[in-house]
Amino acid sequence: MAYCSVDDLTRWIEAEELAALCTRTAGASVTDPEVTGVAEEAIRAAGAEIDSYLLGRWPGLRGISPVPEALSSVAARLAAHPARGAAACGPALDPLRAA
């Protein structure tokens, strides 16, 4: 489950840095489809990690709406962390680290 959005990520990482982590395209912005695709993959991975901890204990949290701010904040920080994002997005970000 997605507990945060790409906009939430920009509270924890600068938009320019997020775009640079997600694509090699110069001048890309967080609204570019390539950037949002990679960022959403990191968000999905963060959500899956949160689910692995919470849903076994509290299955009623699946599909919670609205998402509590504390949970959204944790999800955004997990997804935005550059090392976490690279691991979550697999090879999409790894070559960018080496460049």
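Residues numbered from 1 in each chain as written. Predicted model: local features only at pLDDT ≥ 70, side-chain atom pairs only at ≥ 80, totals over all residues. Heavy atoms only, no water.

A. Just the pattern of salt bridges, in detail. Tallied over the entire structure, the rule returns one salt bridge. Arg11 is the partner of Glu69 in a salt bridge, and the nearest nitrogen-oxygen pair spans 2.9 Å. Taken together, the residues span a long stretch of sequence, with Glu69 in helix α4 (residues 69-80) and Arg11 in the loop between α1 (6-9) and α2 (15-22) at a distance of 58 residues. (Salt bridge = Lys/Arg side-chain N within 4 Å of Asp/Glu carboxyl O. Helix = DSSP H or I, 4+ residues; strand = E, 2+ residues; numbered from the N terminus.)

B. Quick peek at helix α3 (residues 33-54). Over its 22 residues, α3 runs 31 Å from end to end, which matches the ideal 32 Å to within 8%, given 1.5 Å per residue. Of the residues making up α3, those classed as buried are Val35, Thr36, Val38, Ala39, Ala42, Ile43, Ala45, Ala46, Gly47, Ile50 and Asp51. (Expected span 1.5 Å × (residues − 1). Buried < 20%, exposed > 50% of the residue type's maximum accessible area, 1.4 Å probe, protein only.)

C. Representation of the nonpolar core. Ranked by size, the top nonpolar core spans 23 residues in total, and within it Leu9 and Leu18 carry the most contacts. Elements with a contribution of two residues or more to this core: α1, α2, α3 and α4. If sequence neighbours within four positions are ignored, Leu18 has contacts with Val6, Leu9, Thr10, Ile13, Val30 and Val35. (Core = buried A, V, L, I, M, F, W, Y, C linked by side-chain atoms within 4.5 Å. Contact = heavy atoms within 4.5 Å.)

D. The side chain of Asp51, seen in detail. With respect to the element layout, Asp51 can be found in helix α3. We note that Asp51 is buried and unpaired, the nearest opposite charge coming from Arg62 at a distance of 4.9 Å. Of the polar contacts made by the side chain of Asp51, one reaches the side chain of Tyr3; its length is 2.3 Å. Each residue touching Asp51, except ones within four places of it in the same chain, is listed here: Met1, Tyr3 and Gly56. (Lys, Arg positive; Asp, Glu negative; His and termini not counted. Polar contact = N/O pair within 3.5 Å; in protein donor to acceptor, adjacent residues only side chain to side chain.)

E. The arrangement of α2 in detail. Residues of α2 that are buried include every one of Leu18, Ala19, Leu21 and Cys22, and no others. What you see down the axis of α2 is that its buried residues fit within an arc of 160°, all on one side. (Arc of directions from axis to C-beta.)

F. Summary view of the packing of aromatic side chains. Within the structure shown, the criterion is met by zero aromatic pairs. The ring of Trp12 has Arg77 sitting right over it, with the charged end atom 5.0 Å from the ring centre. (Phe/Tyr/Trp six-rings, centres within 6.5 Å; stacked < 30°, edge-to-face > 60°. Lys NZ or Arg CZ within 6 Å of the ring centre and 35° of its normal.)

G. Focus on the environment of Ala70. Secondary-structure assignment places Ala70 in helix α4. A sequence separation of 67 residues divides Ala70 from Tyr3, and the C-alpha atoms of the two residues are 10.0 Å apart.

H. Quick look at the environment of Val30. By the secondary structure assignment, Val30 is in the loop between α2 and α3. Overall, Val30 belongs to the buried group, its relative accessible area being 17%. If near-sequence neighbours (up to four positions away) are discounted, Val30 is found in contact with Val6, Thr10, Ala15, Leu18, Ala19, Val35 and Thr36.

I. Summary view of the environment of Ala75. Here Ala75 lies in helix α4. By relative accessible area, Ala75 is classed as buried at 1%. Distance in space between the C-alpha atoms of Ala75 and Tyr3 is 5.9 Å, their sequence separation being 72 residues. The residues contacting Ala75, other than those within four sequence positions of it, are Tyr3, Cys4, Ala46 and Ile50.

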